[in-house]
Structures are given as C-alpha cells and as structure tokens.
Amino acid sequence: MTHTANVHPLVSPWGRFGLYSFFIDAPEPAVVDTGIASSPAEGMAPALEAIGRRIEDVRWILLTHGHIDHIGGAHALWELTGRRAQVVIHEADAPMLRSRRAHVEEYLAGRGRYLGDPRGEAKVTAATNAVISGEMEPTRLVRGGETISLGGGVTVSVHSVPGHTPGSVAYVLDGPRSAFVGDAVQVHGAANGFPGYTDPAAYRAGLEYLRDEIRPQHLYLGHPYRRADGTPYGVELDAEQAREAITQSLAAEGRVAAAACGCLQAGLQETESPYSPFARAAEELGYTGDPTLEPSPFFTSMHGYRAQHDQTL
C-alpha cells in the first residue's frame, strides 16, 4: 500500500521576503529548501513540533537551487538531523553549497557590474557569512531524470529547469504531480517586482517544460510571486492557478525579452539613471522599482539578455 505524503509549508521571515520550505510527510521525511541559517531552529523545528513531527527525523534535504535563501539553512538542518539526512542539489549549483565565496563571485560576474556599489563585494560577503549556516559537500548530486524514494512507495522525480540559476530543479511527487519549483516560476517577480533569471532562453524552456510535460496538479513556489496587477499568489497553487502562473511567467518573459533586446540592438548607453545602461528597457516596461535592492533581479535578468545577445554576435 502506497503511503499518502502530505505537504506542509514552513515559513521563515527574512527582511522583505518570506522564505518558504516544504515538509513532505513521508516514511522518510523530506524538506524542500532550507531558508537561511536561523530557519531550521527558529522556523522549521517549532512548526514541525506543532504538527507532531520532529526535525530530527528528516531524512532528505532537497534543494531546488543554490541561492542563499534556499540553501542557507542546509548545514544547520543537516546538523539537527544528526547528519543523517541526505542533502541533494543539482551539480551545476553545488558550488553554492560548497563555498560562500561562490555567491560573491556570482555577484561580481553579474549584477554587481551594474550596481556601481564600491562596497558591494563586502556587503555580499557579509551576507553570505551571516545567512549561510555552513559550507558543505552535498550527499547526492543530480542532473535531472533521477528518482528518489521516500519510502512507502512515495517517490520524487527530479527535473532540470535551469534559467533562474544553472542548476535549478523541480522535485515532483509522483502520483499527485505536486511540483516544488523553488524560484523557477517567477511570474512578475516577488518583493522587487521584477522576474529574475540568469539565462533567459533556459528560463523560458523550463517554463514550457513545466507547462507541457509536468503539468502540475499542485505547484509549490519559493516565494509569493505576483500577478500582473501586483497581487501575490500564495505558495501553494492548485492546477488552475499553476497553469495561470506559468502562462503569466511566459508572458512576462516575452515582454522583458522584447524590451531588453530592443535596448541591446539600439546600443547600451551609460546615463545617470539608476537603471543604466538599461534605462530604455526599464522605461519601456514601466519598471520603477529600486534596482539596487538585493537580489537585484532587474540587473540579473538584463545581464542574462546581454550575455545571450553577445553569444549571437
């Protein structure tokens, strides 16, 4: 007889963001994503105790991607399980789990090139030291296509959906088709009001794969992403909401792509605008958010289109 695995969202507050992890209540319990360093002890443990579960019993730590608000609590959670839980991440994002410095290098190579903050490197270094509980080697590397058994006939399939990061994955509870996608479905962005991804073509392909191949009946998001009118989705979406969120994500990427490509074709211009050298794209999109607020999705995505454009030259 196959065990029915219930899913419980676990929230940890952090600044402007609500950090969401998910507990899969299977014979070998799993937690999808881990928030920041304080999340396991201050958020997960009491939430699990409230539903009669123990954090010490978690046997799988499934990481959707390598950003600090998703892997920051991984080492701390692993310690709380007596180092018995298996820690899973895509091989492309594994460096972010192994090294705090990898997050700084990502900043310097991407959005940091446009922010013009002389203290940017120091700020990102301080943030990684504060919110990443420890550097560690993952127990298991995945590439997509693997199946993980949580016992009792409960299985999770791993699907590569790169774009937000090179190693973004969706974990899908087989049977109920419940998909945990981290930040792979951005809709119109979260707190910063702009969708963020490092590889636009891969991001779009990942969304199409979710829509056409996975067709989730339940979609679990890493943050309360927003609709076009600014109202947030929750983080637990039913089948109809999942289709809508994916469709809106594709539409948003299309609009951003048109603006970014137009800006690049016209030639980038350095100005006094905080959106420089992509001020034309920001104006066309009507984007008035603060592009300097981390994680700076405006510049992350614009840099992605720039890299894509340069590859075609």
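This one's a predicted model, so the numbers in the text were calculated from it and none came from an experiment. The residue numbering used here restarts from 1 in each chain and proceeds along that chain's sequence as written. The predicted origin of the model limits local features to residues at a pLDDT of at least 70 and limits the giving and counting of side-chain atom pairs to 80 or more, whereas totals for whole chains, interfaces and linings rest on all residues. Side-chain metrics rest on all non-hydrogen atoms present in the structure, leaving aside hydrogens and water.

### Quick look at the overall build of the protein chain
- A run of H or I in DSSP counts as a helix once it spans at least four residues, and a run of E counts as a strand once it spans at least two, with each numbered from the N terminus. Along the protein chain, the regular secondary structure elements total 11 helices and 12 strands.
- Compactness check: the protein chain gives a C-alpha radius of gyration of 19 Å against a globular reference of 20 Å for 313 residues, within 12% of the reference.
- Considering only C-alpha atoms, the protein chain reaches an extent of 60 × 40 × 35 Å along its principal axes.
- For the protein chain, buried positions account for 52% of its 313 residues.
- His is not counted, nor are the chain ends; Lys and Arg add positive charge and Asp and Glu add negative charge. Throughout, a charge is located at the NZ atom of Lys, the CZ atom of Arg, the CG atom of Asp or the CD atom of Glu. Each charge class in the protein chain was averaged separately, 25 positive and 37 negative side chains, and the resulting centres sit 1 Å apart. In this setup the radius of gyration rests on C-alpha atoms only. A globule is expected at 2.2 Å times the number of residues raised to 0.38. Type-normalised accessible area, obtained with a 1.4 Å probe on protein chains alone, sets the label of each residue: buried when under 20%, exposed when over 50%, and partly exposed for intermediate values.

### Describing the sheet that holds strand β9 (residues 169-173)
- When DSSP finds at least two bridges between two strands, those strands are taken to pair. One open sheet holds the 6 strands; their spatial order is β7-β8-β9-β10-β11-β12, and the pairing between them is mixed. One side of each edge strand has no neighbouring strand; the edge strands of this open sheet are β7 (147-149) and β12 (236-238). Ignoring strand direction, the axes of neighbouring strands in this sheet form an average angle of 25°.
- Note that β9 and strand β10 (residues 178-182) share 3 bridges and pair antiparallel. A fitted line through C-alpha atoms serves as each axis, taken over the contacting stretch for helices, and the angle formed by two N-to-C directions is quoted from 0 to 180°.

### With respect to the pattern of salt bridges
- Should a side-chain nitrogen of Lys or Arg be within 4 Å of a carboxyl oxygen of Asp or Glu, the pair is scored as a salt bridge. Within the structure shown, the criterion is met by 13 salt bridges.
- Arg98 serves as the salt-bridge partner of Glu137, at 2.8 Å between the closest nitrogen and oxygen. On the criterion of sequence distance, the pair formed by Glu137 in the loop between α7 (120-131) and β6 (140-142) and Arg98 in helix α4 (residues 94-98) is long-range, its members being 39 residues apart.
- Residue classification places Arg98 among the partly exposed positions, given a relative accessible area of 32%.
- As a salt-bridge pair, Arg227 and Glu244 come within 3.5 Å of each other at their nearest N and O atoms. Highlighted residues: Arg227 in the loop between β11 (218-221) and β12 and Glu244 in helix α9 (residues 239-266), separated in sequence by 17 residues.
- A residue is classified by how much of its surface remains accessible, and Glu244, at 34% relative accessible area, is partly exposed.
- Salt bridges linked by common partners bring Arg101, Glu105 and Glu121 together as one network.

### Digging into unusual backbone geometry
- Cis geometry is adopted by the peptide bond preceding Pro277, which originates at Ser276 and carries an omega value of 5°.
- Tracing the chain through its elements places Pro277 in the loop between α9 and α10 (279-285).
- Going from Glu294 to Pro295, the amide bond is cis rather than trans, its omega being 15°.
- For Pro295, the location among the structural elements is in the loop between α10 and α11 (297-312).
- In this structure, Asp33 is a non-glycine residue whose phi angle is positive, near 70°.
- Turning to its location among the elements, Asp33 is positioned in the loop between β3 (30-32) and α1 (39-50).
- The backbone of Val187 sits at a positive phi, close to 50°, despite the residue not being glycine.
- Along the chain, Val187 turns up in the loop between β10 and α8 (200-214).

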